[in-house]
Amino acid sequence: MIDPPNPKASPSRSDAFDRLTFLGWSWGLVAIVVGLAASFLLFGYFVVYYRNADMDFMVIYSALAMNAGKPQHFLDHTAYLTILSVKSWFELLHRLGLLDAWSLPAMPPASDAAAFEAAMTHAVRAGRVLAFLIAVGSVLIFAALSRLILRDWRVALLATLAFALSGGIAVHSRILRSELIAACPVIFALMILVAIGRRAFLARPLGMAAAAALCVIGLENKVQAILMIGALPVLILPFGGKESPSAAFWRGHTSWVAVLIAALAAVGAGWAAWPLIATGLDRSLLDAAQFHPLLLNRFGVYQIALLALIVVCMIAYAAIWRVSVAETLASIFAVAAGAAIALLALKVAYNTANVIAVVNPVEKMLIFADAGTSEAAKGSSLAAIFLLLLDGLGSVLARYTFVLHSSPRPTVFLIWLIIPGIVYAWRRGERQAALQALMLLLGAVGIDVLNVRRGLKAEYFIFTDPLVILAGAILLDSIGDLRFHKRAFPILAILLGVHIAVGQAEPIKYAFKRTGPQSTCEWNRYYMPLLPLPWCPAPPS
């Protein structure tokens, strides 16, 4: 255990935070963005267009098809917002005269290999630029919300740096996948709830509505976000404080007028969204899509349980942190309204397959699960489910050691410091911060345990890396006097160096790969039926 620092020991003691954040807040963010741009140009933008064909080609094909008036084709994740954003991005670039290959009719035929390669290169690079812009935007939003949560701006900047250099951002800043737009909205929802829960103000229920909307937005892009959404109501419970009790307005009689308005908004939004929910629970559509109910041979069971969990946790939070009954009811109605309004985004480019996937996310996930997971989910054996979870936990813990199972995930080394940090914070009396960090870390472990059934690929790090980083930042913010310890700067500097080296390993590996594009021939006819590839054999006539 590190000995507590003695601030009086030396008047010229070194502040590790100052040494690491010498550029200041604004210039520090500029440096982070410049670093991301350099990495993107060196190991992303100019990489051969077919290197990340899974999912670059799948997303781009759907965008090209939609710009030709056809429906969304790739529906696995669902990647709904990713495809919609690429579609709009291509259309904008075409109108500006910057992209010719913006729709299927604009693509050269496979018989003209040189023209096809040039057009596909331009389309893929345009998509990669959009992925980079979304990643940079996510980093800057994370930075802004960190400033609201953390007392010391230097800790917020270090947390932003860790997020920008994380394995998740390293992957998603240069390829078109669905996880970034799925995970970040839910993470931002968590950060908003932490920020608004710590201090009372009149419009706090509106912040709850925004958080609920962000969760649904994340779910609309990848059904895997349901794991984070399910954990969020429990994770938020320890995040309150002396200023959390309701503002004076919410303790007066006029507050019930606001409750009535919130209730009417919830009813109106629910009425507008109900056709989507009814479609999502239509048994004939679900049977046709080969969805199998998770519980009791009925669809909608765990969704109702999740809604009940959210309400129970909101009531528990109100009891713990002395939020008034009126504000609690208004917040519950606001959450319902925000979620329903966000669900309406599915109408922008309506597709029944997207609707049933978003309403039944776990069933959608089980379609792509391994055989063992599918059998356990369909069966009634609790022992089989327990053994799967135990196996997943063992696999995750092996990855966290890095020695037993290496991975391109720099936050693993941050976990090594967080665990003793939680113990240290608890022993010195910072028990709320220790509990908050522990909850975030356990949330990350739990989600990773479930994601390991899909291999816990580098693309999935974006779901839990932010939780680990926030846990470390909260600890660092509460026991910040450790920055004066003589070993603080070298430890943080080494951690930063490891973050850069390990986080960039995957992009560098892909940039220097020399494999050809032939692997795409295994799936191109299914995922790209109207866009033959020059290197794949023509389908039999």
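The written sequence of each chain sets the order in which its residues are numbered from 1. Thresholds applied to this predicted model are a pLDDT of at least 70 for local features of residues and 80 or more for the giving and counting of side-chain atom pairs; totals over whole chains, interfaces and linings are not thresholded and use all residues. Think of the side-chain values as coming from all heavy atoms in the structure, minus any hydrogens and water.

**Q** For the overall build of the protein chain, give the residues involved together with the corresponding values.
**A** Put simply, DSSP marks the helices as runs of H or I at least four residues long and the strands as runs of E at least two long, and each gets a number from the N terminus on. Looking only at helices and strands, one finds 24 helices and 0 strands in the protein chain. Atoms considered for the radius of gyration are the C-alpha atoms alone. The globule rule reads 2.2 Å times the number of residues to the power 0.38. Computed over C-alpha atoms, the radius of gyration of the protein chain comes to 24 Å, within 12% of the 24 Å expected from 2.2 N^0.38 for 541 residues, which places it in the range of a compact globule. Taken over the C-alpha atoms alone, the protein chain extends approximately 80 × 55 × 55 Å along its principal axes. Each of the 541 residues in the protein chain was classed as buried or not, and the buried ones make up 55%. Whether two residues are in contact is decided by their heavy atoms, any of which lying within 4.5 Å being enough. A fraction of 80% describes how many contacts in the protein chain between residues 6 or more apart in sequence connect residues 24 or more apart. Each accessible area is a Shrake-Rupley result for a 1.4 Å probe, and residues are judged covered by the shown protein chains and nothing else. Total accessible area on the protein chain is roughly 24100 Å²; 69% of this is exposed by carbon and sulfur atoms. As used throughout, the charge tally considers Lys and Arg to be positive and Asp and Glu to be negative, leaving His and the chain termini uncounted. For this purpose, a charge sits on NZ of Lys, CZ of Arg, CG of Asp or CD of Glu. With 41 positive and 29 negative side-chain charges, the protein chain shows a spacing of 6 Å between the two charge centroids. Burial classes follow relative accessibility: with a 1.4 Å probe on protein chains only, a residue under 20% of its type's maximum area counts as buried, one over 50% as exposed, and anything between as partly exposed.

**Q** How would you sum up the state of the cysteines? Please name residues and give values.
**A** Pairs of cysteine sulfur atoms within 2.5 Å are identified as disulfides in what follows. Here the structure, examined in full by the defined rule, presents 1 disulfide. The thiol sulfur of cysteine 215 is not disulfide-bonded, and the nearest other cysteine sulfur, from cysteine 184, lies at 13 Å. By relative accessible area, cysteine 215 is classed as buried at 11%. We note that cysteine 313 lacks a disulfide partner, and the nearest cysteine sulfur, in cysteine 215, lies 13 Å from it. Accessibility expressed as a relative area gives 9% for cysteine 313, which makes it buried.

**Q** Break down the confidence of the model for the protein chain for me, citing the residues and quoting the values.
**A** Residue-level confidence of the predictor, termed pLDDT, takes values from 0 up to 100. Scored by pLDDT, the protein chain comes out at a mean of 89, with 95% of its residues at no less than 70. The low-confidence segment residues 1-12, where pLDDT is below 50, has 12 contacts with residues more than four positions distant or belonging to other chains.

**Q** Quick rundown of the packing of helix 5 (residues 113-149) against helix 6 (residues 153-164)? Include the residues and the values.
**A** Contact geometry for helix 5 and helix 6: axes closest at 9 Å, N-to-C directions at 155°. Classified by the angle their axes make, helix 5 and helix 6 are roughly antiparallel. As helix 5 packs across helix 6, the resulting crossing turns out to be right-handed. Contacts between helix 5 and helix 6 pair Ser138, Val139, Phe142, Ala143, Ser146 and Arg147 from the former with Trp153, Ala156, Ala159, Thr160, Phe163 and Ala164 from the latter. A breakdown of the residues in the contact of helix 5 with helix 6 according to their chemical character gives 8 nonpolar, 3 polar and 1 charged. Note on geometry: axes are C-alpha line fits, over the in-contact stretch for helices, and angles between N-to-C directions span 0 to 180 degrees. Each angle gets one of four labels, with under 35 degrees taken as roughly parallel, over 145 as roughly antiparallel, 65 to 115 as roughly perpendicular, and the rest as oblique. For a crossing to be left-handed, the near helix must be turned anticlockwise from the far one by less than a right angle; the clockwise case is right-handed. Under the scheme applied here, ten amino acids are nonpolar (Ala, Val, Leu, Ile, Met, Phe, Trp, Tyr, Cys and Pro), four are charged (Asp, Glu, Lys and Arg), and all others, including Gly, are polar.

**Q** Outline the side chain of serine 255, supporting the account with residue identities and numerical values.
**A** Relative to the helices and strands, serine 255 resides in helix 11 (residues 255-280). The class of serine 255 is buried, set by a relative accessible area of 0%. In this view, serine 255 contacts Phe249, Trp250 and Ala326; residues no more than four positions away in its chain are not counted.

**Q** Quick rundown of the nonpolar core? Include the residues and the values.
**A** Grouped together as the largest cluster of nonpolar side chains are 164 residues, with contacts concentrated most on Phe57, Phe90, Met120, Met528 and Leu531. If near-sequence neighbours (up to four positions away) are discounted, leucine 531 is found in contact with Tyr61, Leu64, Leu104, Met107, Phe116 and Met120. What makes a nonpolar core is a set of buried Ala, Val, Leu, Ile, Met, Phe, Trp, Tyr and Cys residues whose side-chain atoms join them at distances within 4.5 Å. Core analysis: the next-biggest nonpolar cluster, separate from the first, contains 5 residues, Trp250, Ala262, Ala326 and Ala330 among them.

**Q** Break down the packing of aromatic side chains for me, citing the residues and quoting the values.
**A** Pairing of aromatic rings covers Phe, Tyr and the six-membered ring of Trp, with a centre-to-centre limit of 6.5 Å; geometry is then stacked below 30 degrees between planes, edge-to-face above 60, and tilted otherwise. According to the stated counting rule, one finds 16 aromatic pairs in the structure shown. Taking 5.1 Å as the distance between ring centres and 85° as the angle between the ring planes, the aromatic pair formed by phenylalanine 249 and tryptophan 250 counts as edge-to-face. Joined through ring pairs, the aromatic side chains of Phe40, Tyr45, Phe46 and Phe132 make up one cluster. Note that arginine 19 overlies the ring of phenylalanine 489, its terminal NZ or CZ placed 3.6 Å from the centroid. Of note, arginine 147 hangs over the ring of tryptophan 25, and the distance from its end group to the ring centre comes to 4.7 Å. A positively charged side chain is recorded as over a ring if its NZ (Lys) or CZ (Arg) lies within 6 Å of the ring centre. The angle to the ring normal must also be within 35 degrees.

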